[in-house]
Amino acid sequence: GKRAFIAGVADDNGYGWAIAKALAAAGAEILVGTWVPALNIFESSLRRGKFDISRILPDGSMMEITKVYPLDAVFDNPDDVPEDIKTNKRYAGSSKWTVQEVAESVKEDFGSIDILVHSLANGPEVTKPLLETSRNGYLAAISASSYSYVSLLKHFLPILNPGGSSISLTYIASERIIPGYGGGMSSAKAALESDTRVLAFEAGRKRKIRVNTISAGPLRSRAAKAIGF
Ligand code: NAD
């Protein structure tokens, strides 16, 4: 069977969860990366059976998540982490959650994976029009929503089995104006789409890994509700 790592699952409402279920139904082993601030709620909800109905697969069995890794995809390694985050209560309670450390942990635990899914995005100023977006807000959107994918693929590439594949999720606001999708999020998706072509070329040559992005339709996930979609 194949093994998949899905970054960006913190409840049962988003695309990451749905992709995990589809992969589980197809027989894949499921590992997930969960944003550190959301980790406790996600793990306790899983344990207490809050997602049990959502875990039911078409054949009646339940999706098993083999392991949940804490992840913050805006940090590549411990040197990148500023002091206020290091000492933040939610972050101090977990360890090894930078991209490089998560890839190392997955390597230690399982050796390799076949499928890498990036289902995460964040834009602190997403509710602001681009004209009112600050430099920091714009760069934060790009960091969490675009570079996070470059970094994930870079660090997981050595443990992605040749012939494997990687996908991310994009949105049509990259190519057409969608009012309300602000804060540089439209820019971040345009970058993600361009990077997909370049990374497909590079990762394809380097390790025979396919790289694609899916432009998903609107879904009332937690992230989408936060911007009133
Ligand atoms: P979601 O809230 O289920 O998923 C986003 C996840 O990103 C959350 O679990 C959040 O905890 C995580 N996250 C945020 N910052 C992070 C960080 N720094 N490190 C690690 N994880 C982080 O919402 P979703 O809408 O399913 O989003 C998944 C993907 O689908 C995103 O790329 C989003 O842009 C894309 N998408 C969504 C829609 C939609 O309408 N919902 C449409 C097209 C594309």
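All residue numbers here refer to positions counted from 1 along the written sequence of the relevant chain. Local features in this predicted model are restricted to residues of pLDDT 70 or higher, and side-chain atom pairs are both shown and tallied only at a pLDDT of 80 or more, whereas totals for entire chains, interfaces and linings draw on every residue. Water and hydrogen atoms play no part in the side-chain values, which are based on all heavy atoms of the structure.

Caption draft 1: Spatial organisation of the overall build of the protein chain. Put simply, DSSP H or I for four residues or longer makes a helix, DSSP E for two residues or longer makes a strand, and each gets a number counted from the N terminus. Within the protein chain, the regular secondary structure consists of 8 helices and 6 strands. For the protein chain, the sequential pattern of α-helices and β-strands runs β-α-β-α-β-α-α-α-β-α-β-α-β-α. Restricting the calculation to C-alpha atoms gives the radius of gyration, and the globule rule supplies 2.2 Å times the number of residues raised to the power 0.38. Against the globule reference of 17 Å for 229 residues, the protein chain gives a C-alpha radius of gyration of 17 Å, in line with a compact fold. Across its three principal directions, the C-alpha atoms of the protein chain cover 50 × 45 × 40 Å.

Caption draft 2: Just the packing of aromatic side chains, in detail. Stacked, tilted and edge-to-face pairs are distinguished by plane angle, under 30 degrees for stacked and over 60 for edge-to-face with tilted covering the rest, among Phe, Tyr and Trp rings (Trp via its six-membered ring) whose centres lie within 6.5 Å. Inspection of the entire model under this criterion finds 7 aromatic pairs. Through a chain of ring-to-ring contacts, three or more aromatic side chains come together here, namely Phe 5, Tyr 69 and Phe 156.

Caption draft 3: Region of interest: the site of the ligand. In this text, near means that some heavy atom of the residue lies within 4 Å of the molecule or strand in question. Neighbouring the ligand are 26 residues; Tyr 15, Asp 72, Lys 189, Leu 219 and Ser 221 lie closest to it. A distance of 2.8 Å separates an oxygen atom of the ligand from a polar backbone atom of Leu 219. Pairing of N or O atoms within 3.5 Å defines a polar contact, subject to two protein rules: one partner must be a possible hydrogen donor and the other a possible acceptor, and residues neighboring in sequence count only if both atoms are side-chain atoms. With respect to the ligand, the side chain of Ser 221 contributes an N or O atom lying 2.6 Å from an oxygen atom. Note on areas: these come from Shrake-Rupley sampling with a 1.4 Å probe, and a residue is covered only by the protein chains present in the view. Taking 810 Å² as the accessible area of the ligand by itself, protein coverage stands at 93%. Contributing elements (two or more residues each) for the shell around the ligand: strand S5 (160-170) and helix H8 (222-226). Per-element accounting of the shell around the ligand gives the leading share, 3 residues, to H8.

Caption draft 4: Geometry of the sheet that holds strand S4 (residues 113-118). Here, any two strands with at least 2 DSSP bridges between them count as paired. Within the open sheet, the 6 strands sit side by side as S3-S2-S1-S4-S5-S6. Their pairing is parallel. The open sheet has two free edges, formed respectively by strand S3 (65-71) and strand S6 (210-215), since each of these has just one partner strand. Strand-to-strand twist across the sheet, computed as the mean angle between neighbouring axes with direction ignored, equals 20°. The sheet contact formed by S4 and S5 spans 5 bridges and is parallel. Axis lines are fitted to C-alpha atoms, over the contacting stretch for helices. Their N-to-C directions set the angle, which ranges from 0 to 180 degrees.

Caption draft 5: Representation of the pattern of salt bridges in the model. In the sections that follow, a salt bridge refers to a side-chain nitrogen of Lys or Arg positioned within 4 Å of a carboxyl oxygen of Asp or Glu. Following the criterion strictly, the structure yields 5 salt bridges and no others. With a closest N to O distance of 3.3 Å, Arg 55 and Glu 64 form a salt bridge. The classification of residues rests on relative accessible area computed with a 1.4 Å probe and restricted to protein chains. Under 20% of the type maximum is buried, over 50% is exposed, and intermediate values are partly exposed. Classification of Glu 64 by relative accessible area gives exposed; the value is 55%. Connected through shared salt-bridge partners, Asp 52, Arg 55 and Glu 64 make up one network.

Caption draft 6: Fine view of the pairing of S6. Two strands pair when backbone bridges link them, and S5 and S6 are joined in this way by 6 bridges, in the parallel orientation. Counterpart to Leu 169 in the pairing with S6 is Ile 214. Taken together, S5, helix H7 (residues 185-207) and S6 form a β-α-β motif whose crossover is right-handed. Look down the strands so they point away from you; if the path from the first strand over the helix to the second goes clockwise, the crossover is right-handed.

Caption draft 7: Main features of the side chain of Thr 133. With respect to the secondary-structure elements, Thr 133 resides in the loop between S4 and helix H6 (135-156). One polar contact links the side chain of Thr 133 to the main-chain carbonyl oxygen of Pro 129, over a distance of 2.9 Å. A distance of 3.4 Å separates a polar side-chain atom of Thr 133 from the backbone nitrogen of Gly 183. Every residue in contact with Thr 133, bar those within four places of it in the chain, is listed here: Glu 125, Lys 128, Tyr 138, Gly 183 and Gly 184. Working rule for contacts: check all heavy atoms of both residues, and any pair within 4.5 Å makes them a contact.

Caption draft 8: Region of the structure containing unusual backbone geometry. One non-glycine residue, Lys 96, lies in positive phi territory at about 55°. Tracing the backbone shows Lys 96 in the loop between helix H4 (89-92) and helix H5 (99-110). Taking the relative accessible area as the measure of exposure, Lys 96 reaches 47% and is therefore partly exposed. In the Ramachandran plot, Lys 208 falls in the positive-phi region, its phi being about 55° despite a non-glycine side chain. By the element assignment, Lys 208 lies in the loop between H7 and S6.

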